[in-house]
Amino acid sequence: MTSQNQEALSCPALLHLSGSGMQDCALSVGFGFLVAVLLLGIRTRWVLRGYARPRSRKKDGLSLLVVAGSGGHTTEMLRLLGKLSTQYSTKYYVLAETDTMSEERIRSFERSKVTGIEKSMYSIHHIPRSREVRQSWSSSLLTSIKSTLHCLPLTVRLRPDVILCNGPGTCVPICLCALLLGIIGMKNITVVYVESICRVESLSLTGRILYYFSNLFIVQWPLLKEKYPKSIYLGRLV
Amino acid sequence: MGRCVFVTVGTTSFDELISSVTTEENITILQDLGYDKLVLQIGRGTTTLKPYSTTSEFTVDVFRYKPSLAEDLKKADLVISHAGAGSCLEALEEGKPLIAVVNENLMSNHQNELAMQLYKDGHLYYCTCRTLGTTLKTMDLSALKRYEPGHPEIFASFLDKALGLN
């Protein structure tokens, strides 16, 4: 009787003990998770609110990563770039792999301003397309993940001071990588998004995403400024 | 020196526009307005129009694509374009009177947003394939406001300031 009874007596006690232990454990994991999410949220907001601007002015100018897209996007982008001051001494152009037209236009744009001091260093980088026109949402998600995995090492390697983009889907993974670099404190990158002039009353899909993940979000029509109060309206730019 | 109408459908196709412009009725309207040359960029369209000259000295040229439409735009006295943003801006920046024709088969096409706005601002005329004839007859090209290009330099100085440069 003795040993069996002892077991019978001790078992419920053990069970009780381990039960409350597991509860505690789950509670603390849950609490830890909440704190982590909260901290991540605060940190993300901190990075996005622009407290993380490149403050130290470099003597050799800032580096600028430009996400170029197809056709109209490239036209608008080259117009914006045409008037930039000479303080962006290094330019990295990131293009979707399938886009050879834009590459040629960028090269001729850069060649056109090779005049002494205005000459800047530039390089062209290719990444997989994150979304083709008319691609479905679900398969877009998959290709976007693939694209992000490709963009992360590129963003880490280039570590630009500023990212400028204006709409092609390719810019979403790049901007998310930039945000990640800011969150982990590796590099503060200012993400600047300029919505296309074509968008008068509704944002593009890229715009709707990057409205939440950019430091400066610029629109070109007043109606959009009304709808998206966080955006900046400077008149028609291109 | 004759007067030329340039019709462009952009990178895809818009057969309905091409057939609307080339109906006998609309060709007559164009002739009455003093135009004697029609140049059609038809893109991927399936229209089987061939270049021709009529006895009344009205010529029609047809091509699918060119690397740049700048030359044709320069030569034109009136541009009739699909309502796509790129084509509209290109014509307006060349300072040409423009009729933007919306493709009703492409519903909720955001490309029309810009044409619509530019119409509201008085820079172009806006119509459908069915109302093209009426628009041609009633339009007053001198009433169109000149389209001024945007100001990228404002963006440049804004960015410098935001980044703490200068």
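As the structure is a prediction and not an experimental result, all values here were calculated from the model.

*Asks:* Is there a simple way to think about the overall build of chain A in this case?
*Replies:* On a plain count of helices and strands, chain A comes out with seven helices and seven strands. Starting at the N terminus and walking to the C terminus, you meet the elements of chain A as α-β-α-β-α-β-α-β-α-β-α-β-α-β. Burial statistics for chain A: of 238 residues in total, 44% are counted as buried. Once local pairs closer than 6 in sequence are excluded, the contacts in chain A between residues at least 24 apart make up 67%. Surface accessibility of chain A: about 13,300 Å² in total, with carbon and sulfur atoms responsible for 63%.

*Asks:* Before we go on, may I ask you to explain the overall build of chain B in this structure?
*Replies:* Along chain B, the regular secondary structure elements total seven helices and seven strands. The buried share of chain B, reckoned over its 166 residues, is 49%. Look at the contacts in chain B between residues 6 or more apart in sequence, and 58% of them connect residues 24 or more apart. Here chain B has roughly 8,300 Å² of accessible surface; of this, 53% comes from carbon and sulfur atoms.

*Asks:* Sorry, what's going on with the packing of helix α4 (residues 137–158) of chain A against helix α5 (residues 171–183) of chain A here?
*Replies:* A packed helix pair is summarised by two numbers, namely the angle formed by the two axes and the spacing between the axes. Residues and elements named next belong to chain A. At a closest axis distance of 9 Å, the pairing of α4 and α5 adopts a crossing angle of 50°. Considering the angle they form, α4 stands oblique to α5. Crossing angle aside, the handedness with which α4 passes α5 is right-handed. Contact residues: S147, T148, C151, L152, L154, T155 and V156 in α4; P173, I174, C177, A178, L180 and L181 in α5. Tallied by class, the residues present in the contact of α4 with α5 amount to 10 nonpolar, three polar and no charged.

*Asks:* What is the right way to read the UniProt feature "transmembrane region" (unreviewed entry) in chain A from this model?
*Replies:* All names here are of chain A. Here the UniProt-annotated "transmembrane region" (unreviewed entry) positions come out as residues 26–48 and 162–185. Across residues 26–48, the secondary structure splits into 100% helix and 0% strand, with the terminal C-alpha atoms separated by 32 Å. With 54% helix and 17% strand, residues 162–185 has its two end C-alpha atoms placed 15 Å apart.

*Asks:* Is there a simple way to think about the confidence of the model for chain A in this case?
*Replies:* Detail in the predicted coordinates should be disregarded across regions flagged by low pLDDT. Residues and elements named next belong to chain A. Predicted confidence across chain A gives a mean pLDDT of 83, with 82% of residues reaching 70 or more. Across chain A, the element-wise mean pLDDT spans from 74 in helix α1 (residues 2–48) up to 98 in strand β7 (residues 232–233). Ignoring residues within four places in sequence, the model shows residues 7–11, a span with pLDDT below 50, making zero contacts including any to other chains.

*Asks:* Please clarify how the state of the cysteines should be interpreted in this entry.
*Replies:* One covalent bond between the sulfur atoms of two cysteine residues makes up a disulfide. As enumerated under the stated definition, the model contains zero disulfides over all chains in all. Summary of cysteine pairing: C171 of chain A is not part of a disulfide, and the nearest cysteine sulfur, belonging to C165 of chain A, is at 3.9 Å. The thiol sulfur of C88 of chain B is not disulfide-bonded, and the nearest other cysteine sulfur, from C198 of chain A, lies at 9.6 Å. For C88 of chain B, a relative accessible area of 1% gives the class buried.

*Asks:* What is the right way to look at the nonpolar core in this model?
*Replies:* If you look at soluble globular proteins, the nonpolar side chains tend to sit buried side by side. Within the largest apolar cluster, 57 residues are counted, with the highest numbers of intra-cluster contacts made by L81 of chain A together with F155 of chain B. When near neighbours in sequence (up to four residues on either side) are disregarded, L81 of chain A contacts L64, V66, K91, Y93, F109 and L164 of chain A.

*Asks:* Any chance you could explain the pattern of salt bridges here in plain terms?
*Replies:* This model, assessed by the stated rule, comprises eight salt bridges over all chains. Where R111 of chain A meets E104 of chain A, a salt bridge forms, and the shortest distance between an N and an O atom there is 3.5 Å. Under the relative-accessibility criterion, R111 of chain A is labelled exposed at 53%. Between K37 of chain B and D61 of chain B there is a salt bridge; the shortest N-O distance is 3.5 Å. In this pair, K37 of chain B sits in strand β2 (residues 37–41) while D61 of chain B sits in strand β4 (residues 59–63), placing the two residues 24 residues apart along the sequence.

*Asks:* Just to check I follow, could you spell out the sheet that holds strand β1 (residues 62–67) of chain A for this structure?
*Replies:* The strands that make up a sheet are held in pairs by hydrogen bonds between backbone atoms, and each pair lies either parallel or antiparallel. Residues and elements named next belong to chain A. Strand order in the open sheet made by the seven strands is β3-β2-β1-β4-β5-β6-β7, with parallel pairing throughout. Where the open sheet ends on each side, the last strands, each with one partner, are β3 (121–127) and β7. The sheet contact formed by strand β5 (residues 190–194) and strand β6 (residues 216–219) spans three bridges and is parallel. Bridging across to β6, V194 finds its partner in I218.

*Asks:* Even after reading the chapter, I still don't get a nonpolar patch on the surface, so can you show me in this structure?
*Replies:* Residues and elements named next belong to chain A. On the surface, F31, V35, L38, L39 and I42 cluster together into a nonpolar patch covering about 520 Å² of accessible area. In this fold, F31 is placed in helix α1. Note on F31: relative accessible area 59%, which makes it exposed.

*Asks:* So what exactly am I meant to see when it comes to the packing of helix α4 (residues 85–93) of chain B against helix α5 (residues 111–120) of chain B here?
*Replies:* Residues and elements named next belong to chain B. Viewed as axis vectors pointing N to C, α4 and α5 meet at an angle of 35°, and their least axial separation amounts to 8 Å. Judged by residue contacts, A85, G86, C88, L89 and L92 of α4 engage Q111, L114, A115 and L118 from α5. Per-class residue counts for the contact of α4 with α5 are seven nonpolar, two polar and no charged.

*Asks:* How should I be thinking about the interface of chain B and chain A in this particular structure?
*Replies:* A common way to state how big an interface is: give the accessible area lost once the parts meet. With 27 residues of chain B at the interface, the matching set in chain A holds 30 residues. When chain B packs against chain A, the two sides together hide about 2,600 Å² of surface, and 65% of this comes from carbon and sulfur. Between the two partners, chain B and chain A, sit one salt bridge. Ionic pairing is found between E93 of chain B and R79 of chain A, a salt bridge with its closest N-O pair at 2.8 Å. Summed over the shared surface of chain B and chain A, the number is 11 residue pairs in polar contact (both at pLDDT 80 or more). Elements represented by at least two residues in the side of chain B that touches chain A include exactly α4, α5 and α7 (152–162) of chain B.

Calculation criteria
- Residues numbered from 1 in each chain as written.
- Chains lettered and ligands numbered in written order.
- Predicted model: local features only at pLDDT ≥ 70, side-chain atom pairs only at ≥ 80, totals over all residues.
- Heavy atoms only, no water.
- Helix = DSSP H or I, 4+ residues; strand = E, 2+ residues; numbered from the N terminus.
- Buried < 20%, exposed > 50% of the residue type's maximum accessible area, 1.4 Å probe, protein only.
- Contact = heavy atoms within 4.5 Å.
- Areas by Shrake-Rupley, 256 points an atom, 1.4 Å probe, with all protein chains shown as cover.
- Axes fitted to C-alpha atoms, helices over the stretch in contact; angles between N-to-C directions.
- Parallel < 35°, antiparallel > 145°, perpendicular 65-115°, else oblique.
- Left-handed = near helix turned anticlockwise from the far one by under 90°.
- Nonpolar A, V, L, I, M, F, W, Y, C, P; charged D, E, K, R; others polar.
- UniProt positions renumbered as here; feature names shortened; annotations may be inferred.
- pLDDT = per-residue confidence, 0-100.
- Disulfide = S-S within 2.5 Å.
- Core = buried A, V, L, I, M, F, W, Y, C linked by side-chain atoms within 4.5 Å.
- Salt bridge = Lys/Arg side-chain N within 4 Å of Asp/Glu carboxyl O.
- Pairing = 2+ DSSP bridges.
- Patch = residues over 30% accessible without salt bridge, like charges linked within 9 Å, V, L, I, M, F, W, Y side chains within 5 Å.
- Buried area = accessible area lost by both parts, 1.4 Å probe.
- Polar contact = N/O pair within 3.5 Å; in protein donor to acceptor, adjacent residues only side chain to side chain.

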